[in-house]
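# Summary of the model geometry
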Amino acid sequence: MDSISLQHVEKGKYQLLIILGLAVFTLLSAVFALGLGSSSNLDMVTSWKIVISDTKKFFLNIDTVADNLWYNLTACISSSSCEDRSLLHGIEREGTNIQNAIIWDWRFPRILTAIVGGIALAVAGALMQGCLGNPLVSPLTLGVASGAALGAAFAIVLGFTILSIPELAIVANAFFFSLVVVTIIIQLGKIRSISAESYILVGIAITFICGAIVSTMQYFATDAQLSQLAHWSFGSLSRPSGGNVILMGLILASLLPTALKWSWDLNTLSMGGDEFAISTGVNPSKIRKNILIVSALMTSIVIAFTGLIGFVGLAAPHMSRLIVGNDFRKLIPCSGLFGAFLMIFADTLGRTLFAPIVIPVGVMLSIIGGPFFMYLLLRRGGHH
Amino acid sequence: MKDISFSMKSNEVVAILGINGAGKSTLIKCLNRILSPKSGDIHIRPHWSNLKETNLINISSLDLVEISKTMSYVPQNVATSFPMDVFDVVLLGRKPHLSWRISDEDRDKVSETLRYLNLEDFAFRKFNQISGGERQRVIIAKAIAQDPNLFLFDEPTSDLDLKNQIQIMKCIRKIIKDKNNSKSALIAIHDINIAAKYSDKILLLNNGSIMAYGPPSQVLTEENIAEVFGVKCSISSVDKHYIRVDVDDEI
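If you're wondering where the values come from, they're calculated on a predicted model, not measured in any experiment.

This part covers the domain arrangement of chain A. In many analyses, interface size is given as the accessible surface area lost on bringing the parts together. All names here are of chain A. The assigned domain composition of chain A is domain 1 (3-41 + 96-379) and domain 2 (42-95). Contact with domain 1, which involves 16 residues of that partner, is made by 13 residues of domain 2. Counting the surface lost from both domain 1 and domain 2, the interface buries some 1100 Å², and carbon and sulfur atoms represent 64% of this. On inspection of domain 1 and its partner domain 2, the count reaches 0 salt bridges. One can count 2 residue pairs in polar contact (both at pLDDT 80 or more) joining domain 1 with domain 2. Of all the secondary structure elements, the ones that give two or more residues to the side of domain 1 that touches domain 2 are helix H1 (3-35) and helix H4 (97-132). When residues in the side of domain 1 that touches domain 2 are grouped by element, the largest group, 7 residues, is from H4.

Okay, here's the thing in structure tokens:
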């Protein structure tokens with residue numbers, strides 16, 4: 001092989017190694033975060049002991065786990081006086097009930113949400129920036145999140161809900177209204193000559209419209225409603241339950257391969273714009289529409305459960321670019337990992353820094369992520 | 001534009017001349033479907049081995065990947081917010097030929113092209129950290145890596161200084177005149193003298209149709225230039241191949 005080709009292969013291997021390292025690092029920080037917390041009867045070493053022993057028991061007694069899962073899925077539907085069993089029901093455990101509850105019912109879903117949400121928002125950000133050719137774009141730019149906020153406001157202030165199940169009312173509303181925005185994007189995509197800028201401008205217009213309606217509702221809302229709405233908009237990882245996270249994870253897992261499949265198209269589109277893409281055999285308007293729909297879905301499923309989390313979708317792709325460059329085959333996985341790590345880091349800091357007060361992850365991300373992001377960009381002499 | 005019909009041979013450089021708005025860029029962009037005609041059709045009769053056809057093919061019946069394997073468009077300039085390494089930009093030329101994995105042949109094709117255009121020192125520099133002339137050469141390298149039969153250049157020298165203009169035109173001629181390949185180029189250009197010096201034929205557009213088509217010495221007459229561009233000029237022969245156009249004043 002040519003020496004330049006060899007150099008290119010080497011560089012690719014090196015970048016892959018970095019991505020692998022980042023994956024291991026993110027996993028380790030998730031385990032570390034499982035052991036961190038403000039509880040007085042659970043220190044870090046005990047937490048890890050419980051995590052390790054329970055994980056071992058989970059895999060050694062996988063048949064009992066399956067039985068319990070089956071019981072939860074079937075028995076509880078037929079009888080009204082039944083409680084969900086824990087998956088390790090009937091097996092002797094290492095920790096006390098409280099300790100187990102803190103780790104598995106409280107911290108674990110939270111960290112899982114951080115990982116799933118971080119991946120989804122960061123990947124959505126990378127996809128949107130690439131297909132719109134604009135580094136200022138984040139998953140919130142298209143107005144999906146303002147749609148979600150509007151839905152939440154409808155549920156909280158007016159009591160207008162799509163689903164009547166109380167725990168899911170706000171989530172369902174937020175998701176439904178963000179789908180309305182996705183529909184608008186699909187309709188826009190049908191216009192033959194729509195440009196990348198038009199998408200962004202329409203997104204900004206949607207943001208303004210939804211914002212105005214939410215403000216109007218706030219004007220007439222009671223104090224309790226106002227505070228609930230404010231809490232929703234902070235963006236927090238404490239809301240989704242274990243089942244919610246699994247749902248989010250499944251949807252994300254079904255969308256990610258499609259996104260990766262478009263890597264080469266995104267490479268041509270983000271590198272040279274529409275004419276360059278066409279002359280390389282890529283149909284820019286079709287690809288752009290499809291990518292925007294997928295990334296808007298990723299964003300809305302996460303935001304419906306967690307509330308507004310914006311910064312990770314802007315910053316994680318840019319930080320990843322500094323490491324692996326603009327090849328989307330590497331940028332998409334790297335952004336996802338970076339997003340997961342940022343979320344775990346910000347959330348863990350948020351719940352331990354002023355414990356027992358928990359600072360919402362959306363706020364924490366912007367406070368610590370913002371200056372770090374600026375430092376990274378300025379250090380490079382403002383090339384972006 | 002109406003009733004435009006012309007034929008090109010392999011290893012031939014054809015320059016399109018005409019005033020602003022005459023349809024130089026439009027003609028080129030219609031050929032590889034960057035633009036689609038509002039009404040009417042564009043047909044080609046390719047004699048390329050991969051798309052050989054004795055009948056006329058309607059361009060709109062071909063898909064973009066098929067077109068991109070036979071024609072490659074080089075814009076006036078490429079600006080990006082997300083610059084890649086020069087090597088990776090040229091590698092994008094292999095996009096129509098690959099699915100996900102980059103094969104060793106793809107890489108070697110890119111390396112070979114970079115050396116061919118003396119770009120090997122820039123292989124791992126970012127696209128936005130090199131000069132305008134170098135960037136233009138990188139985009140041409142990308143077009144070569146795409147392995148097309150026909151190159152379409154849209155004012156490739158308009159943003160460049162004198163030396164870079166000459167370098168780019170020489171580079172284009174080097175590719176087209178390479179007898180190992182049978183490639184040709186269609187270049188929309190403004191500079192009459194560069195067109196006269198570096199092209200085999202000139203296609204003179206006026207009011208959306210072809211006014212003259214042939215070797216520079218036949219097409220670039222004082223009368224034709226006066227009618228199309230509205231300027232007075234004098235034509236002189238430099239040697240038996242080249243002519244020079246000196247513009248005096250507007251009419």
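Within this structure, the stated rule accounts for 13 aromatic pairs over all chains. For the pair A:Phe32 and A:Trp48, a centre-to-centre distance of 6.1 Å together with 45° between the ring planes defines the contact as tilted. A residue pair is termed long-range when its members are at least 10 positions apart, and A:Phe32 in helix H1 and A:Trp48 in helix H2 (residues 44-60) qualify at 16 residues. Judged by relative accessible area, A:Trp48 falls into the partly exposed class, the value being 29%. With 5.7 Å between their ring centres and 10° between their planes, B:Phe87 and B:Phe124 make a pair best called stacked. In this pair, B:Phe87 sits in helix H3 (residues 86-91) while B:Phe124 sits in the loop between helix H4 (104-116) and helix H5 (132-145), placing the two residues 37 residues apart along the sequence. Look at B:Phe87 and you get buried, because its relative accessible area is 0%. When its relative accessible area of 22% is taken as the criterion, B:Phe124 is described as partly exposed.

Moving on to the confidence of the model for chain B. Residues and elements named next belong to chain B. Within chain B, residue pLDDT values average 87, and 98% of them lie at 70 or more. When mean pLDDT is taken per element in chain B, H3 scores highest with 94 and strand S2 (residues 43-44) scores lowest with 81. Across the interfaces of the predicted complex, the ipTM metric reaches 0.87, alongside a pTM of 0.88.

Another point: the pattern of salt bridges. In the structure shown here, the tally under the stated rule is 16 salt bridges over all chains. For A:Asp2, the salt bridge goes to B:Arg115, with nearest N and O atoms at 2.5 Å. Note that A:Asp2 is positioned in the segment before H1 and B:Arg115 in helix H4, a pairing that runs across two chains. With relative accessibility at 19%, the residue A:Asp2 sits in the buried group. Among the residues examined, B:Arg115 registers a relative accessible area of 33% and is labelled partly exposed. The salt bridge partner of A:Lys330 is A:Asp327, with a shortest N-O separation of 3.9 Å. Since its relative accessible area comes to 13%, A:Lys330 is described here as buried. Judged by relative accessible area, A:Asp327 falls into the buried class, the value being 7%. By sharing partners, the salt bridges in this structure join A:Lys11, B:Asp85 and B:Lys126 into a single network.

All names here are of chain A. The grouping of Leu 158, Phe 160, Ile 162, Leu 163, Ile 165, Phe 176, Val 180 and Ile 184 at the surface amounts to a nonpolar patch, some 670 Å² of accessible area in total. Ranked by residue count, the leading element in the nonpolar patch is helix H6 (residues 169-190), at 3 residues. Here Phe 160 lies in the loop between helix H5 (144-158) and H6. The partly exposed category is assigned to Phe 160, whose relative accessible area is 43%.

Residues and elements named next belong to chain A. Looking at the second largest pocket, its volume works out to about 1200 Å³. In terms of lining, the second largest pocket is formed by 32 residues, of which the most central are Ser 86, Leu 87, Trp 104, Asp 105 and Phe 108. Where the lining of the second largest pocket is concerned, the elements lending two or more residues are H2, helix H3 (62-78), H4 and helix H9 (242-261). Among the elements that line the lining of the second largest pocket, the one with the most residues is H4, at 10 residues. Residue composition of the lining of the second largest pocket, by class: 16 nonpolar, 11 polar and 5 charged. Taken domain by domain, the lining of the second largest pocket gets at least three of its residues from each of domain 1 (3-41 + 96-379) and domain 2 (42-95).

Another aspect to go through is the sheet that holds strand S8 (residues 209-214) of chain B. All names here are of chain B. Taken in spatial order, the 6 strands make up an open sheet running S4-S5-S6-S1-S7-S8, and their pairing is mixed. Pairing within the sheet leaves two strands with one partner each, and these edge strands are strand S4 (71-74) and S8. Here the strands of the sheet are splayed against their neighbours by 20° on average, with no regard to which way each runs. Both strand S7 (residues 201-206) and S8 contribute to a ladder of 5 bridges, which runs antiparallel. The residue bridging Leu 203 from the neighbouring strand is Tyr 213, located in S8. Across the sheet, helix H6 (residues 162-177) touches strand S1 (13-17), strand S5 (150-154) and strand S6 (184-188), and the angle it forms with S6 is around 155°.

Here is what the cut-offs are and how they apply
Residues numbered from 1 in each chain as written. Chains lettered and ligands numbered in written order. Predicted model: local features only at pLDDT ≥ 70, side-chain atom pairs only at ≥ 80, totals over all residues. Heavy atoms only, no water. Domains from an automatic or database assignment. Contact = heavy atoms within 4.5 Å. Buried area = accessible area lost by both parts, 1.4 Å probe. Salt bridge = Lys/Arg side-chain N within 4 Å of Asp/Glu carboxyl O. Polar contact = N/O pair within 3.5 Å; in protein donor to acceptor, adjacent residues only side chain to side chain. Helix = DSSP H or I, 4+ residues; strand = E, 2+ residues; numbered from the N terminus. Phe/Tyr/Trp six-rings, centres within 6.5 Å; stacked < 30°, edge-to-face > 60°. Buried < 20%, exposed > 50% of the residue type's maximum accessible area, 1.4 Å probe, protein only. pLDDT = per-residue confidence, 0-100. Patch = residues over 30% accessible without salt bridge, like charges linked within 9 Å, V, L, I, M, F, W, Y side chains within 5 Å. Areas by Shrake-Rupley, 256 points an atom, 1.4 Å probe, with all protein chains shown as cover. 1 Å grid on protein atoms, 1.4 Å probe; cavity = no way out; pocket = protein on both sides within 12 Å on 5 of 7 lines; lining within 4 Å. Points joined across faces, edges and corners; volume = space filled by probe spheres on them. Nonpolar A, V, L, I, M, F, W, Y, C, P; charged D, E, K, R; others polar. Pairing = 2+ DSSP bridges. Axes fitted to C-alpha atoms, helices over the stretch in contact; angles between N-to-C directions.

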